[in-house]
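So the chains spell out like this:
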Amino acid sequence: MEFILAILIGILFTAAVYLILSRSLLKVILGTGLLSHGAHLLILTMGGLGGSAPPVLIDGVTDFADPLPQALILTAIVISFGVTAVMLVMAYRMYAVHQTDNMNELRGNDEHD
Amino acid sequence: MNMINLLLFPIIIPFFFAMILLFFKEQVVVQRVLTLIGLALSLVASFWLIATVKTEGIQTVTLGSWPAPFGITMVSDMFSAMLVTTTIIITFFVVIYSFSSIGVERERFFYYPAILFMITGINGAFTTGDIFNMFVFFEVLLIASYLLIVLGGEKRQLRESIKYILVNVISSAIFVITVAYLYSIVGTLNMADISVKIAEINQPGIISVIAILFLIVFGIKGAIFPLYFWLPNSYAAPPIPVLALFGALLTKVGVYAITRTYTLFFVHDIGFTHQFLMVLSLLTIIAGCIGALAYFDVKQIIIYNIIIAVGVILFGVAQMNTSGLEGAVYYLIHDMLIKGALFVLIGIIIYVTGTSNLRQMGGLIKTHGTLGWMYLIAAFGLAGIPPLSGFIGKVLITKGAFEADHVIGSIIILASSLVVLLSVIRIFIYAFWGSQKNDLPVRDPRTYRQMMFPAVMLVLISVAYGVGTEWLMPYMTDAANVLADPSIYINAVLKE
């Protein structure tokens, strides 16, 4: 099971890198979304997927799932949700002001202002 | 009174005041007063914290009263307590500077709450003893900084802030990935416990890989070579008070995180990890020096000086001996103070002349004498001319490097001081000497005086920090001892 998830995470990272390297800002933001999905699945996988009982204290149960990665993944999902929302709003504002979402046209430094 | 929660106050007080400020969106004066009250209270708490840490040793509190490796631990040793205090001092004066320079429009759109939320995140990242909690506090400070960098919505700000966010989102994703790898090997998130577990398995190769991943994560935030590429343009976009906060505080959080992880976790294969860190820090210094000399824009010159300082501090950390670490601690706090002062001062220069281009300045010493002399003192302090504050840090770092037989590195550090001096004195020569090129725009002398107050105060504090070296030394030694000997930290956290 870990092996399949590892391959899935690899595919997510590949797609994320491809999207982040594209020119369109919207694709880049979708890429960061995929990147954080991959990272979240990685937390779950790295904690180990074993464990036959839920992580609740019951006498006599020794083989229980690790609760910590689940707590971490929840926190990380909420954070990446918030950050993606902020990014989308800012990308929209930037599109409204600059009239482009092509990252190539958004270069520039002091001399080109 | 039971004061085990003392170390949480510098985190909670700004957070609490930030929430209250959200209810006073339109009342700018109320916002200003409340922000100052909140920061003053945090400052009192943080000084109290330093005194407590000095007399009673490292303070820890484990949230929810879970026993230490399971609950989230907050740890305040001398290093983090001093960084927290410095952060609040700088914010206090930059907020005063903002009153006359940021503009009412920005003040009405949650400028002060954003600053206080950012301080919450910064102080939390300095204080936490849990690696995942550090990620959470990083996100708190980053989201507040996203607001600060884009606040105002100018064309250039929007363009640069989207890149700033993108870089930081990717580095946060790598942070999560790295923590996941680390968790899969050591099975714990408590930083003291991680250190114990790594020592037990004697740092196999995979831990060194994780060390490099951490260096990439914090290197992106702390702007080390070759990951600093995003910094100069992004930092130049927001107005000066925001730039001062970012330049003085944000990169230093990354530097702190590298220092903490490289002195607490990855101490068993110094020949690889710390050698790698040292080479990168020297390259950072060289890249920063090239940038600092290349520009005629005052903002860019000082921004590249941030990068040089990051290199110098990390070079001290990479020595892993008491002198080097003591120097790194000393230089880190010096750099926060002096960068705060310098950014405020060049903000005033830009305000007075109406341009940030050196070629269009000149002759300011005749009209603005105090500004000139203050700038000169700050510039000398940055370059490390004794008895000002940059001197002793560099002496200790160089001493540590000689003890560790890194002679070439020490020579690069000393040569970089000359480049730093040249780059900041160039501003002095162009802006203050010579004759006036253009007529100065008409400015209100009252606003100018209001802006000068925080600048003078920050310069005076940095001078006091340099002159009072002898008096501060016991504190620095405490901080460096904890860094040099991880067992002090571990025993304080896992004592029960």
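The model shown is predicted, which means the values in this text are computed figures rather than measured ones.

Colleague: Report on the overall build of chain B, specifying residues and quantitative values.
Modeller: Helices and strands together make up the secondary structure of chain B, namely 21 helices and two strands. Here the C-alpha radius of gyration of chain B, 22 Å, is about what a compact globule of 496 residues would show, namely 23 Å. In terms of principal-axis extent, the alpha carbons of chain B reach across some 70 × 55 × 45 Å. Taking the intrachain contacts of chain B between residues at least 6 apart in sequence as the baseline, contacts between residues at least 24 apart amount to 82%.

Colleague: Break down the packing of aromatic side chains for me, citing the residues and quoting the values.
Modeller: Residue and element names in this part refer to chain B. If you walk through the whole model with that rule in mind, you get 32 aromatic pairs over all chains. With centroids separated by 5.6 Å and ring planes inclined at 85°, the aromatic side chains of F138 and F175 adopt a geometry described as edge-to-face. Here F175 lies in helix α7 (residues 155-186) and F138 lies in helix α6 (residues 131-150), a separation of 37 residues in the sequence. Here the aromatic cluster, defined as three or more aromatic residues joined through ring pairs, consists of F132, F135, F138, F175, F214, F218, Y262, F265 and F266. Sitting above the plane of the F296 ring, R359 keeps its charged end 3.8 Å from the centroid. In this structure, R426 packs its charged tip against the face of F296, placed 4.9 Å from the ring centre.

Colleague: Describe the interface of chain A and chain B, naming the residues involved and giving the relevant values.
Modeller: Counting residues at the interface gives 34 residues for chain A and 30 residues for chain B. In total, about 3,000 Å² of surface goes out of reach between chain A and chain B, with carbon and sulfur atoms giving 79% of it. For the pair chain A and chain B, the number of links is zero salt bridges. Counting across the interface, chain A meets chain B through three residue pairs in polar contact (both at pLDDT 80 or more). The residue inventory of the side of chain A that touches chain B, partitioned by class, reads 23 nonpolar, six polar and five charged.

Colleague: Talk me through helix α2 (residues 28-56) of chain B; I want residue IDs and the actual numbers.
Modeller: An ideal rise of 1.5 Å per residue puts 42 Å on 29 residues; α2(B) measures up with 41 Å between its terminal C-alpha atoms. Backbone geometry just downstream of α2(B) places B:G57 in the positive-phi region, at approximately 85°.

Colleague: I'd like a rundown of the environment of A:I58, residues and numbers included.
Modeller: Relative to the elements of secondary structure, A:I58 occurs in the loop between α2 (25-46) and α3 (67-98). Look at A:I58 and you get exposed, because its relative accessible area is 53%.

Colleague: How would you summarise the packing of helix α5 (residues 111-127) of chain B against helix α11 (residues 240-264) of chain B if you had to cite specific residues and measurements?
Modeller: Residues and elements named next belong to chain B. Look at α5 against α11: their axes get within 10 Å of each other, and the N-to-C directions meet at 15°. Here α11 runs roughly parallel to α5, going by the angle between their axes. The crossing of α5 and α11 is left-handed. Contacts between α5 and α11 involve Y111, I115, M118, I119, I122, A125 and F126 on the former and, on the latter, P241, V242, L245, F246, L249, L250, K252, V253 and Y256. Among the residues forming the contact of α5 with α11, the class breakdown is 15 nonpolar, no polar and one charged.

Colleague: Just give me the short version of the confidence of the model for chain A, but keep the residues and values in it.
Modeller: Of the residues in chain A, 95% have a pLDDT of 70 or more, and the chain-wide mean is 86. Across chain A, helix α1 (residues 2-20) of chain A holds the top mean pLDDT of 94, while α3(A) sits lowest at 91.

Colleague: Run through the packing of helix α20 (residues 469-484) of chain B against helix α21 (residues 486-493) of chain B, naming residues and quoting values.
Modeller: Residues and elements named next belong to chain B. The interhelical angle for the contact between α20 and α21, taken along N-to-C directions, is 90°, at an axis separation of 4 Å. Viewed along their axes, α20 and α21 adopt a mutual orientation that is roughly perpendicular. Residues N481, V482 and A484 of α20 form the contact with α21, whose participating residues are P486, I488 and Y489. For the contact of α20 with α21, the per-class residue count stands at five nonpolar, one polar and no charged.

Colleague: With reference to specific residues and values, describe the environment of B:V242.
Modeller: All names here are of chain B. Among the structural elements, V242 can be located in helix α11. Looking at V242, the relative accessible area reads 2%, which means it is buried. The sequence separation of V242 and F343 amounts to 101 residues, and the corresponding C-alpha distance is 9.7 Å. Excluding residues within four positions of it along the chain, V242 makes contact with I102, Y111 and L148.

Colleague: Give me the nonpolar core: which residues, what numbers.
Modeller: All names here are of chain B. Ranked by internal contacts, the top residues of the largest apolar core, which has 220 residues, are Y235, F246, I348 and Y375. No other element matches the 21 residues that helix α14 (residues 322-353) contributes to this core. The residues touching Y375, leaving out its near neighbours within four places in the chain, are I302, L342, L345, I346, I349, V424, I427, F428 and F432.

Colleague: Requested: an account of the pairing of strand β2 (residues 73-76) of chain B, with residues and values cited.
Modeller: Residues and elements named next belong to chain B. Of the two faces of β2, the one holding T73 and V75 and the one holding M74 and S76 are both buried throughout. The pairing of strand β1 (residues 59-62) with β2 spans four bridges and is classified as antiparallel. Its bridge partner lying in β2, T60 is registered against V75.

Cut-off values and rules
Residues numbered from 1 in each chain as written. Chains lettered and ligands numbered in written order. Predicted model: local features only at pLDDT ≥ 70, side-chain atom pairs only at ≥ 80, totals over all residues. Heavy atoms only, no water. Helix = DSSP H or I, 4+ residues; strand = E, 2+ residues; numbered from the N terminus. Rg over C-alpha atoms; globule rule 2.2 N^0.38 Å. Contact = heavy atoms within 4.5 Å. Phe/Tyr/Trp six-rings, centres within 6.5 Å; stacked < 30°, edge-to-face > 60°. Lys NZ or Arg CZ within 6 Å of the ring centre and 35° of its normal. Buried area = accessible area lost by both parts, 1.4 Å probe. Salt bridge = Lys/Arg side-chain N within 4 Å of Asp/Glu carboxyl O. Polar contact = N/O pair within 3.5 Å; in protein donor to acceptor, adjacent residues only side chain to side chain. Nonpolar A, V, L, I, M, F, W, Y, C, P; charged D, E, K, R; others polar. Expected span 1.5 Å × (residues − 1). Buried < 20%, exposed > 50% of the residue type's maximum accessible area, 1.4 Å probe, protein only. Axes fitted to C-alpha atoms, helices over the stretch in contact; angles between N-to-C directions. Parallel < 35°, antiparallel > 145°, perpendicular 65-115°, else oblique. Left-handed = near helix turned anticlockwise from the far one by under 90°. pLDDT = per-residue confidence, 0-100. Core = buried A, V, L, I, M, F, W, Y, C linked by side-chain atoms within 4.5 Å. Pairing = 2+ DSSP bridges.

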